[in-house]
Amino acid sequence: MSSATPAGARDLLGHRPFLFFLSSRSLSRFSSQIGAVAIGWQIYDLTGSAFDLGMVGLVQFLPTALLVFVAGHAADRFERKRVVQACQIAEALTALFLAASTFAGTISEIQIFVATFVLGIAGAFESPATAALLPLIAPQGSLQRATAISSGAAQVATITGPALGGFAYALMPSAPYGIMMVFWLFGALLTGGIGRLQQAPVKNGGSSDDLFAGVTFVRSNPAILGTISLDLFAVLFGGVTALLPIYARDILQAGPLGLGILRAAPAVGALLMTMVLARHTINRRVGMRMFQAVIVFGVATVVFALSHWMWLSALALAVLGAADTISVVIRFSLVQLATPDEMRGRVGAVNFLFINASNQLGQFESGVTAALLGAVPSAVLGGVATVAVALLWMKLFPTLRDVEKLE
């Protein structure tokens, strides 16, 4: 395959390094989704405490906040696929510990929190290294399409992973952890099969400068700063995931089955959009298209907030997921292409921190606002704020708005 000719979706899936990367990343994503269900259920089963259930998210987020700069530096200093492999092996060993302890009946709340913290550490290192790998693997001119396919595979894991985890836990509490171990081990093998990649070496310099070079680079590049911060505030204000149980039970009267449909709807919309983007890349006015996608995200949030019909609520969430996918594909491609290879790990770590912060803080913001104003006003306010942020960012970051092409 010529690296000078943009590859189609079929060509990409026949490109061995990308296929190995995609398979490995998908297995890791499946394991994470299975673990989210199994760990949450087991913690609540052991303690019956909603506070302890909420602590799982905090324990997972802390390593990202504490290690973001070290993880980014490691992704640039060391061979990235080896970093990913080491993380997957550490995750597999942690899953083995959870499986063995659960099977033996000796598992405790503290042990689960410690294991969750270890998984958070591994994830903090794995994510920026994985993100920085893709530009090295995708043929020239094909990063946007490769990102769309990779995002689609992640959405499949998001849709089916929790169901697989719940089914496995129902059969045997230790079973989901055993599946996670196998998936992560196979993922490590596939990562090793990617082949040798030409990675730019990090230039020698002071360790402090190296660690925080990603922050400096983001601050000095208006397009990247605008892209990352737009995603942060859009998800912070527009996230309604935390409110879905309230809508399913009290507003839509849909029950647990309805909650499952609502949770799956954004991922279904995202998956459909990735199928479109895998065939038809965005070739012009990509900056404006990203802003338009964020505005659609905000409007869909408002429609969902005001809807009292299950079909309309699910449709609004699907549109929301599709719009978010457009934003994600453009953001990832723009950030990776605008960043020198020797700094992609550190810049990716900053981006990962922003994404995690927006998801975690967005759920917190939605919960607090809903407690003060009610679920419907909270969701409406979040959607309106998202649209306002997009319009404001168009004025503040004209460089980002005027980006014409990615590749």
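Note that this is a predicted model, so its numbers are computed, not measured.

A short note on the overall build of the chain
The helix and strand tally for the chain stands at 17 helices and 0 strands. Counting the 407 residues in the chain, one finds 53% classified as buried. Taking the contacts inside the chain whose residues are at least 6 apart along the sequence as the reference set, 87% of them involve residues at least 24 apart. Summing over all exposed atoms, the chain offers an accessible surface of approximately 17,800 Å²; the carbon and sulfur share of this is 68%.

A closer look at helix 9 (residues 213-220)
Every buried residue of helix 9 is accounted for by A213, G214, F217 and V218. Along the long axis of helix 9, the arc covered by the buried residues comes to 135°, so they all point the same way. The outward face of helix 9, more than 90 degrees from its buried face, is lined by the exposed residues T216, R219 and S220.

Notes on the packing of aromatic side chains
By the definition in use, this model includes 3 aromatic pairs. Between Y247 and F304, the aromatic rings sit 4.6 Å apart at their centres with planes inclined by 40°, giving tilted as the arrangement. Taken as a pair, Y247 in helix 11 (residues 244-251) and F304 in helix 13 (residues 286-306) lie far apart in primary sequence, 57 residues in all. Taking relative accessible area as the criterion, F304 reaches 0% and is therefore assigned buried. Ring centres 6.0 Å apart and planes at 40° place the aromatic pair W393 and F397 in the tilted group. The exposure classification of W393 matches that of F397, with both residues buried.

Brief notes about the pattern of salt bridges
The final tally for this structure, using the stated rule, is 2 salt bridges. D76 serves as the salt-bridge partner of R80, at 2.9 Å between the closest nitrogen and oxygen. As far as burial versus exposure is concerned, R80 and D76 are alike and both buried. When the shortest N-O distance is used, the salt bridge between R82 and E79 registers 3.8 Å. Judged by relative accessible area, R82 falls into the partly exposed class, the value being 42%. Classification of E79 as partly exposed rests on a relative accessible area of 34%.

A few points about helix 6 (residues 143-171)
Between the first and last C-alpha of helix 6 there are 41 Å, a value that for 29 residues agrees with the 42 Å anticipated at 1.5 Å per step. Residue T160 marks the point of greatest curvature in helix 6, where the axis turns by about 35°; the proline P162 follows within four residues.

A look at the UniProt feature "transmembrane region" (unreviewed entry) in the chain
The sites that carry the UniProt feature "transmembrane region" (unreviewed entry) are, in the present numbering, residues 50-71, 83-104, 177-197, 228-248, 260-278, 290-309 and 370-394. Annotation note: span residues 83-104, helix share 100%, strand share 0%, distance between end C-alpha atoms 32 Å. For the annotated span residues 370-394, helix accounts for 96% and strand for 0% of the residues, and the straight-line distance between the end C-alpha atoms is 29 Å.

Concerning the nonpolar core
Residues I224, L230, L277 and I326 are the most contacted members of the largest nonpolar core, which totals 34 residues. When residues of this core are traced back to their parent elements, those giving at least two are helix 9, helix 10 (222-238), helix 12 (255-279), helix 13, helix 14 (310-338), helix 15 (344-373) and helix 16 (375-396). Contact partners of I224, with chain neighbours within four places excluded, come to F217, V218, L334, V335, A338 and T339.

What about a nonpolar patch on the surface?
A contiguous nonpolar surface patch, about 540 Å² in accessible area, is contributed by V296, W309, W311, L315 and V319. When residues in the nonpolar patch are grouped by element, the largest group, 3 residues, is from helix 14. Relative to the helices and strands, L315 resides in helix 14.

Description of the environment of R29
Relative to the elements of secondary structure, R29 occurs in helix 2 (residues 16-47). Exposure remark for R29: the relative accessible area of 30% places this residue in the partly exposed category. When near neighbours in sequence (up to four residues on either side) are disregarded, R29 contacts A154, A157 and T158.

Quick word on the packing of helix 2 against helix 5 (residues 109-137)
As a packed pair, helix 2 and helix 5 sit with axes 11 Å apart at the nearest point and diverge in direction by 160°. Judged by the angle between their axes, helix 2 and helix 5 are roughly antiparallel. Of the two elements, helix 2 crosses helix 5, and the hand of that crossing is left-handed. Residues P17, F18, F21, R25, S28, I39, Q42, I43, L46 and T47 of helix 2 lie in contact with helix 5, whose contacting residues are E109, I112, F113, T116, L119, E126, T130, L133, L134 and I137. A class-by-class count of the residues in the contact of helix 2 with helix 5 yields 12 nonpolar, 5 polar and 3 charged.

Brief notes about the side chain of R331
For R331, the position within the fold is in helix 14. Residues contacting R331, with those up to four places away along its chain left out, are T227, D231, M290, N351 and I355.

Here is what the cut-offs are and how they apply
Residues numbered from 1 in each chain as written. Predicted model: local features only at pLDDT ≥ 70, side-chain atom pairs only at ≥ 80, totals over all residues. Heavy atoms only, no water. Helix = DSSP H or I, 4+ residues; strand = E, 2+ residues; numbered from the N terminus. Buried < 20%, exposed > 50% of the residue type's maximum accessible area, 1.4 Å probe, protein only. Contact = heavy atoms within 4.5 Å. Areas by Shrake-Rupley, 256 points an atom, 1.4 Å probe, with all protein chains shown as cover. Arc of directions from axis to C-beta. Phe/Tyr/Trp six-rings, centres within 6.5 Å; stacked < 30°, edge-to-face > 60°. Salt bridge = Lys/Arg side-chain N within 4 Å of Asp/Glu carboxyl O. Expected span 1.5 Å × (residues − 1). Bend = angle between axes of the 7 residues up to and from the residue. UniProt positions renumbered as here; feature names shortened; annotations may be inferred. Core = buried A, V, L, I, M, F, W, Y, C linked by side-chain atoms within 4.5 Å. Patch = residues over 30% accessible without salt bridge, like charges linked within 9 Å, V, L, I, M, F, W, Y side chains within 5 Å. Axes fitted to C-alpha atoms, helices over the stretch in contact; angles between N-to-C directions. Parallel < 35°, antiparallel > 145°, perpendicular 65-115°, else oblique. Left-handed = near helix turned anticlockwise from the far one by under 90°. Nonpolar A, V, L, I, M, F, W, Y, C, P; charged D, E, K, R; others polar.

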